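In case you want the letters, here they are:
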Amino acid sequence: MSAKRLVKILVLSFALVNVAMAAQSSADIEKGIGDQVYCMCGGCVTSLNTCPMQFCEVKEGMHSIIRADLEQGKTEPEILQDLVNRYGEKVLAAPPARGFNLAAWLLPGVGLLIGLFLAITVVRRWRRPAAEAAAPAGAPPVDENILSAVEEEMKKYAD
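This report concerns the structure included in the present document. Please read all numbers here as calculations on a predicted model, not as lab measurements. (Residues numbered from 1 in each chain as written. Predicted model: local features only at pLDDT ≥ 70, side-chain atom pairs only at ≥ 80, totals over all residues. Heavy atoms only, no water.)

**Brief notes about the overall build of the chain**
And step 1. When helices and strands are tallied, the chain shows six helices and zero strands.
And step 2. When the elements of the chain are put in sequence order from the N terminus, they spell out α-α-α-α-α-α.
And step 3. Counting the 159 residues in the chain, one finds 16% classified as buried.
And step 4. Counting only contacts in the chain whose residues sit at least 6 apart along the sequence, the fraction spanning at least 24 positions is 36%.
And step 5. In the form shown here, the chain has an accessible surface area of approximately 12,500 Å², with 64% of it arising from carbon and sulfur atoms. (Helix = DSSP H or I, 4+ residues; strand = E, 2+ residues; numbered from the N terminus. Buried < 20%, exposed > 50% of the residue type's maximum accessible area, 1.4 Å probe, protein only. Contact = heavy atoms within 4.5 Å. Areas by Shrake-Rupley, 256 points an atom, 1.4 Å probe, with all protein chains shown as cover.)

**Examining the side chain of His63**
And step 1. Within the fold, His63 resides in helix α2 (residues 57-71).
And step 2. Not counting the four nearest positions on each side in its chain, His63 is found in contact with Glu30, Leu48 and Asn49.

**Things to note about α2**
And step 1. For α2, which comprises 15 residues, the first-to-last C-alpha distance of 21 Å matches the rise-based estimate of 21 Å (1.5 Å per residue) to within 8%.
And step 2. Buried residues of α2: Lys59, Met62, His63, Ile65, Ile66, Asp69 and Leu70, and no others. Buried residues in α2, looked at end-on, bunch into an arc of 155°, giving them a common side. Exposed residues pointing more than 90 degrees away from the buried face of α2 are listed as Glu57 and Glu71.
And step 3. Just downstream of α2, Gly73 is the residue with a positive phi angle, here 90°. (Expected span 1.5 Å × (residues − 1). Arc of directions from axis to C-beta.)

**Section: the packing of α2 against helix α3 (residues 76-87)**
To describe two helices that pack against each other, one gives the angle between their axes and the distance between the axes.
And step 1. Between α2 and α3, the shortest axis-to-axis distance is 10 Å and the interhelical angle comes to 140°. As far as their axial angle goes, α3 and α2 are oblique. The two elements α2 and α3 cross, and the hand of that crossing is right-handed. Each of Met62, Ile65, Ile66, Asp69 and Leu70 in α2 lies in contact with α3, whose residues at this interface are Ile79, Asp82, Leu83, Arg86 and Tyr87.
And step 2. Here the contact of α2 with α3 is built from residues that sort into seven nonpolar, no polar and three charged. (Axes fitted to C-alpha atoms, helices over the stretch in contact; angles between N-to-C directions. Parallel < 35°, antiparallel > 145°, perpendicular 65-115°, else oblique. Left-handed = near helix turned anticlockwise from the far one by under 90°. Nonpolar A, V, L, I, M, F, W, Y, C, P; charged D, E, K, R; others polar.)

**Examining a negative patch on the surface**
And step 1. A contiguous patch of negative charge, built from Asp143, Glu144, Glu151 and Glu152, is present on the exposed surface.
And step 2. As for its placement among the helices and strands, Glu144 is situated in helix α6 (residues 144-158). (Patch = residues over 30% accessible without salt bridge, like charges linked within 9 Å, V, L, I, M, F, W, Y side chains within 5 Å. Salt bridge = Lys/Arg side-chain N within 4 Å of Asp/Glu carboxyl O. Lys, Arg positive; Asp, Glu negative; His and termini not counted. Charge placed at Lys NZ, Arg CZ, Asp CG, Glu CD.)

**Description of the nonpolar core**
And step 1. Grouped together as the largest cluster of nonpolar side chains are 17 residues, with contacts concentrated most on Val37, Ile66, Leu83 and Val91.
And step 2. At the level of elements, α2 and α3 are the ones that each hand at least two residues to this core.
And step 3. Sequence-distant contacts of Ile66, defined by excluding residues within four places in its chain, comprise Glu30, Ile33, Leu48, Ile79 and Leu83. (Core = buried A, V, L, I, M, F, W, Y, C linked by side-chain atoms within 4.5 Å.)

**Brief notes about the state of the cysteines**
And step 1. Summed over the entire model, instances satisfying the criterion amount to zero disulfides.
And step 2. For Cys39, which is in no disulfide, the shortest distance to another cysteine sulfur is to Cys41 and amounts to 3.7 Å.
And step 3. Cys41 carries a free sulfur, and the closest cysteine sulfur to it, the one in Cys44, is 3.6 Å from it.
And step 4. For Cys41, a relative accessible area of 26% corresponds to the partly exposed category. (Disulfide = S-S within 2.5 Å.)

**Examining a nonpolar patch on the surface**
And step 1. The grouping of Leu102, Trp105, Leu106, Leu107, Val110, Ile114, Phe117 and Leu118 at the surface amounts to a nonpolar patch, some 820 Å² of accessible area in total.
And step 2. Topologically, Ile114 is positioned in helix α4 (residues 102-127).

These values are about where atoms sit, not about what they do.
Shown next, in the form of structure tokens:
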């Protein structure tokens, strides 16, 4: 085998490997985008990759858009923006963290902190000694004469 032939085989092999890697990375990008957007068929509320409709034309159309954008050399954010331009922000599985949508990202954490604060407050009150809880602070002392008079009256009615 001549050296020229060996070089041609190596160059052809590298070219085939690069084409295969590019095709695989496009498939990975398409799958990643499909996980980030909803299928807009209206029959399901799932991501594009998990749409259970067997012959969903919308799903196939959205995949075609993604593939066409990948062939044009667009990046993943550009393809997502293209889908947002076509279907609106409702196509995104996770709302962008800006504007009013920022509340969707912050409220779960705020709710968790408020719930934790309430739980700690309730547990502290439950753990307080019973005597401290029964006798309110600052209550006037009971007069012993009145207490003995009440006990005598109760004995009269008990007999």
